[in-house]
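Remarks on the overall topology
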Amino acid sequence: MCQTHVLAELGRLQGEQEPIGGAVMEGFYAQKLNFQKSVPRGIIWFCFFLLFLLQNSRGILSDSDYLVGLGSYDITGPAADVNMMGYANSDQTASGVHFRLRARAFIVAEPQGNRVVFVNLDACMASQLVTIKVLERLKARYGNLYTENNVAISGIHTHAGPGGYLQYVVYLVTSLGFVRQSFDVIVDGIEQSIIQAHENLRPGSIFVNKGEILDAGINRSPSAYLNNSATERSKYAFDVDKEMTLLKFVDDEWGPVGSFNWFATHGTSMSRTNSLISGDNKGAAARFMEDWFDTNGIESAYSDNSDTDEIPRRVSNIIPVAQKNHHELLELAASFQSSPGKRATRFLSVARRVRSALRQADKPRFVSAFCQTNCGDVSPNVLGAFCIDTGLSCDFDHSTCGGKNELCYGQGPGLEVTLPKEGGGNEVVKTCPAAMGFGFAAGTTDGPGAFDFKQGDNQGNAFWKLVRNLLKTPGKEQISCHYPKPILLDTGEMKLPYDWAPSILPIQILRIGQLVILTVPGEFTTMAGRRLRDAVKTVLTSGGNGAFDNNIHVVIAGLTNTYSQYVTTFEEYQVQRYEGASTLYGPHTLSAYIQEFQKLATALISGQSVEPGPQPPDLLSKQISLLTPVVMDATPPGVKFGDVSTDVPQNSTFKRGGTVTVVFWSACPRNDLMTEGTFSLVEILQGKDSWVPAYDDDDFCLRFKWSRPAKLSPRSQATIEWRIPASATPGVYRIRHFGASKGFMGSIKHFTGSSSAFVVA
C-alpha cells in the first residue's frame, strides 16, 4: 500500500487547555496510500450541545498568534432527475429541495508562516477528482500558498445530496455515470468558500473544547463490535464515541466568527425514500447554529441564560411588523391576488434570498460546520432497528426480518504492514486490491439493500457468484487476501471502461496548536477510529524532543479528499457485516493506516520530510454520462411559467404550526441550480405594499418539491410547502417561486410567480 501523506502544522498551544496559540514548527509532509496490485432528534441535541460548548470555551482573549478567516458558499446540485449519493438506491432521484447545501471553510495562518485550510462539505463524501481540480484552481490563483500539503476537503456524509461527482465507476452506477452539474457546483463552491476565507483573514484566536452527547448515535453493527476483545471494549463506556470536539474562532475585533466541530454519527436521518436535497442532521444543525448566532449575536454566545427551547429562526426577529387586528389583516391580504408568471432575471433570485450576501453587513456572517469523524458503524436512528412488518427487533447478527433485509430499518502486492505476533516477534501482512463483499449489497439498518443479501454473510451464494463472474472473476490470490470476505465485486481489478475503485489514497495530519486532525478518505468504525487516535497520540506524546504533552486533542476527519468506503478492525472484519464487507482493501486495512499515520506523527515531532508518493489519476476525460439531458420545457396552452396552478383559499388564515401549500407551473430545476439563490420564497408584507423576504430554500420549514406527470414530459410543477414555525411573526404573507425554462432551441429564460396573500395569526 502506498500513499499520500500530508502533514501541516501550526504552532503548539501553551498554557490553559482552551485557548490555542504559540509558536510554529516548520514542516509540510505528503504521502499517499497506494492499493495498486502492481506498483432528527440528534439535530436539536447537536445545536443545544454546541451552544453549551461555545459558552464554556471562553479562555482569555489575548493578542493573537493567528490570522483566522472563514467562508461559506452554495453547493446545491441538480434538484431533479439525478440519483442521490449514499444509499445506492436507483429509485432515489432528486425531486426538490429540503434545504440547500453549502461548503464551509476555515483558514488558520500565521502572519509569516504556515497555514491550514479545512473545508466541510454538505455532501456524502469528498471526491478525489474534485480535490484535484480544486487544487489546480488554487494553484492558478494563489501559487503554492494552498496545496495538497495544507488543504483538506471533508464530507458530512449526507445521503440526500445529488451524486455523480466522483470519478470511479463503482460510485457512478446508480447516477447513470458522471453528472457534470453535480461536479461543477461542488468544485466552484469549494473554491469560492476558500476565497472568502482567504479574503476574511484577520487577527484572531482559536479555542477548543470537548464534551459528550449521549443520545445522538447508536452502534448499528453491535455484533461486529462485540467481536473486538473484551479487554479492549472494557476501556470504553459506550460502543460508539459520544465525544464532540469543537473549535471556536474569535476575531480580535468582531468577536466570534465561527465554529467547527467533529462528532460521529451517520448522515442517514433522512431515509432512502427521501427525494429532497438535504444536508441531513449535520447540515441542518449547521444552519440552525448559524441562524441562532445571527439572531442572538455575541451577547448570547457568552450568556448562560440564552433561550434555546426551539429551532432558531432569525428573520421573524428582525422584521418589525405593525400589529393589526385580524379583520384589517384579512382586508389587506385580499388586495393581493396571485400574480401571473412573468419574466425575471437570475439576479432577482439571488437578491431576494433571506441571507443574501448583497444585504450582508461589513462583518462576515457566523459560519458553523458540523464535521464528520469515525462514523462507520454509528447510526443516528437511536431507537434501534425494527421490522416494518411486525414491529419486532431485527435479527441481531444479520439485521434481517424473516430472512429479508429489505424489511429491517432503523428509526499490490500492496503496501506491506508489520504486525506484532502474540508469542513475540513480528509478521508481515499485506493489503489487497479493492473488493466488496456480499454483505455490502445487504445495506444497513439505515438503508437496507435488496434481493436475498444479508449482513454477516461470509459464504456468498452460487447464483450471485455467477453474476459476479460475468464482470470479473477474482483470482485465488485475491480471494485469499480478502478472506473471510466472499468477494461480490472485484472492483480493484476492474478497469473497463476505467478504474472502478481508487488505488491511491491521501492521508494528512493537520496541526493547529494542540489540536491534531487526522484526515482519512473513508468511514472508520468506532473501534477502528479509537485505535488510530490512540496510536497517533502515543507517538506524539512519547517521541522525545518535539513531543507534545498529554494535553492534546486528536480528532479524525472522515470522508476527506477522496472516498474509499469503510475501515473496520481486524476482528470486526471477520464478522462481515456491511462495514466489514465494505472494507475494500482486506482485513489489514486498519493496520496499514495506523502504520502510515505513525510515520507521519514521527515526522511531525522530528521535523523530518516524507516522500509524497504517487499522484492519483485524473479521470475527468474518461467520464461517461447516460443521464438524459433536458430537451425543453412547456406549459399547457394559455399558461405561463410561474403561473399558480393551486392557490391558497381566498380570505384564508393559517395558524402557526399549520402548513401552507401552493403549486406553480414550473420547469426543470436542472436548467439553473439557482446557486446562492432560491427556488422558493415566503415574503411578509411591510406597510401596505412592500414585500420582505422571510423564508427561503435555506430554511428547514420551507420545502420545494418538483414533479412531472411522466418521465419524459416537458411539463412540470413545483409544489412549495411552508410549515409555519411557532416563531413566525403574525401578519400578511405570500409564497413566491423562481425558476428557469429551456426553450426548443436551448435558450434559458428565468421566471417568477407568486400566490395570493394570506394571513398568519
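Residues numbered from 1 in each chain as written. Predicted model: local features only at pLDDT ≥ 70, side-chain atom pairs only at ≥ 80, totals over all residues. Heavy atoms only, no water.

- Where an unreviewed UniProt entry is consulted, the protein chain appears under the name Neutral ceramidase, with the organism given as Actinidia rufa.

What to know about the state of the cysteines
- Applying the stated rule across the entire model yields three disulfides.
- Each disulfide pairs two cysteine sulfurs, and for Cys 387 the partner residue is Cys 401, the sulfurs being separated by 2.1 Å. Where Cys 387 bonds to Cys 401 through sulfur, the torsion about that S-S bond is close to -95°, and the disulfide is left-handed. Placement of Cys 387 in strand 19 (residues 385–387) and of Cys 401 in the loop between strand 19 and strand 20 (408–410) is noted, with a sequence separation of 14 residues between them. The pair Cys 387 / Cys 401 is uniform in exposure class, with both members buried.
- The disulfide bridge from Cys 432 ends at Cys 481, spanning 2.0 Å between sulfur atoms. The sign of the S-S torsion, about -90°, decides the handedness of the disulfide formed by Cys 432 and Cys 481: left-handed. Residue Cys 432 is located in the loop between strand 22 (426–430) and strand 23 (436–437), and its partner Cys 481 is located in helix 12 (residues 476–482); the two are separated by 49 residues in the primary sequence. (Disulfide = S-S within 2.5 Å. Helix = DSSP H or I, 4+ residues; strand = E, 2+ residues; numbered from the N terminus. Buried < 20%, exposed > 50% of the residue type's maximum accessible area, 1.4 Å probe, protein only.)

Focus on the UniProt feature "binding site: Zn(2+)" (unreviewed entry) in the protein chain
- In this structure's numbering, the residues bearing the UniProt feature "binding site: Zn(2+)" (unreviewed entry) are His 157, His 266, Glu 523 and Tyr 566.
- Mapped onto the elements of the fold, Glu 523 is located in strand 29 (residues 523–524).
- Classification of Glu 523 by relative accessible area gives buried; the value is 0%.
- Not counting residues within four places of it along the chain, the set of residues in contact with Glu 523 comprises His 157, His 266, Cys 375, Gly 376, Leu 559, Tyr 563, Gln 565, Tyr 566 and Val 567.
- Inspection of the secondary structure puts Tyr 566 in strand 31 (residues 566–567).
- Engagement of the side chain of Tyr 566 in a polar contact is seen with the side chain of Arg 220, the distance being 2.8 Å. (UniProt positions renumbered as here; feature names shortened; annotations may be inferred. Contact = heavy atoms within 4.5 Å. Polar contact = N/O pair within 3.5 Å; in protein donor to acceptor, adjacent residues only side chain to side chain.)

A few points about the packing of helix 13 (residues 526–541) against helix 16 (residues 589–606)
- Running from amino to carboxyl end, helix 13 crosses helix 16 at an angle of 25°, the nearest separation of the two axes being 9 Å. Relative to helix 16, helix 13 is oriented roughly parallel. In this structure, helix 13 crosses over helix 16, and the sense of that crossing is right-handed. For the pair helix 13 and helix 16, contact is made by Ala 528, Arg 531, Leu 532, Ala 535, Val 536, Val 539 and Leu 540 and by Leu 590, Tyr 593, Ile 594, Phe 597, Gln 598, Ala 601, Thr 602, Leu 604 and Ile 605, respectively.
- Tallied by class, residues from the contact of helix 13 with helix 16 come to 13 nonpolar, two polar and one charged. (Axes fitted to C-alpha atoms, helices over the stretch in contact; angles between N-to-C directions. Parallel < 35°, antiparallel > 145°, perpendicular 65-115°, else oblique. Left-handed = near helix turned anticlockwise from the far one by under 90°. Nonpolar A, V, L, I, M, F, W, Y, C, P; charged D, E, K, R; others polar.)

Some thoughts on the UniProt feature "active site" (unreviewed entry) in the protein chain
- Those places that UniProt annotates as "active site" (unreviewed entry) correspond, in this numbering, to Ser 379.
- For Ser 379, the location among the structural elements is in strand 18 (residues 378–379).

Concerning the environment of Gly 163
- Relative to the helices and strands, Gly 163 is located in the loop between strand 11 (161–162) and helix 3 (180–199).
- Not counting residues within four places of it along the chain, the set of residues in contact with Gly 163 comprises Val 82, Asn 83, Met 84, Met 85, Ser 175, Val 179 and Ser 182.

Some thoughts on the sheet that holds strand 38 (residues 716–723)
- Read from one edge of the open sheet, seven strands run 11-6-7-37-38-34-32, paired in antiparallel fashion. A strand with exactly one partner marks an edge of an open sheet, and here the two such strands are strand 11 and strand 32 (644–646). (Pairing = 2+ DSSP bridges.)

Comments concerning the packing of helix 2 (residues 128–142) against helix 3
- Contact geometry of helix 2 with helix 3 gives a least axis separation of 10 Å together with a crossing angle of 40°. The angle between the axes of helix 2 and helix 3 places the two elements in the oblique class. Two packed elements cross with a definite hand, and for helix 2 against helix 3 that hand is right-handed. The residues of helix 3 that touch helix 2, namely those facing Leu 129, Val 130, Lys 133, Val 134, Arg 137, Leu 138, Arg 141 and Tyr 142, are Phe 183, Ile 186, Val 187, Asp 188, Ile 190, Glu 191, Ile 194, Ile 195 and His 198.
- Among the residues forming the contact of helix 2 with helix 3, the class breakdown is eleven nonpolar, one polar and five charged.

Regarding the pairing of strand 38
- Burial within strand 38 is extensive, with six of its eight residues counted as buried.
- Pairing geometry for strand 34 (residues 659–666) and strand 38, over eight bridges, is antiparallel. Across the sheet, Thr 659 pairs through a bridge with Arg 723, a residue of strand 38.
- Across six bridges, strand 37 (residues 702–707) lies against strand 38 in antiparallel orientation. When the sheet's bridge partners are listed, Ser 707 is paired in strand 38 with Gln 717.

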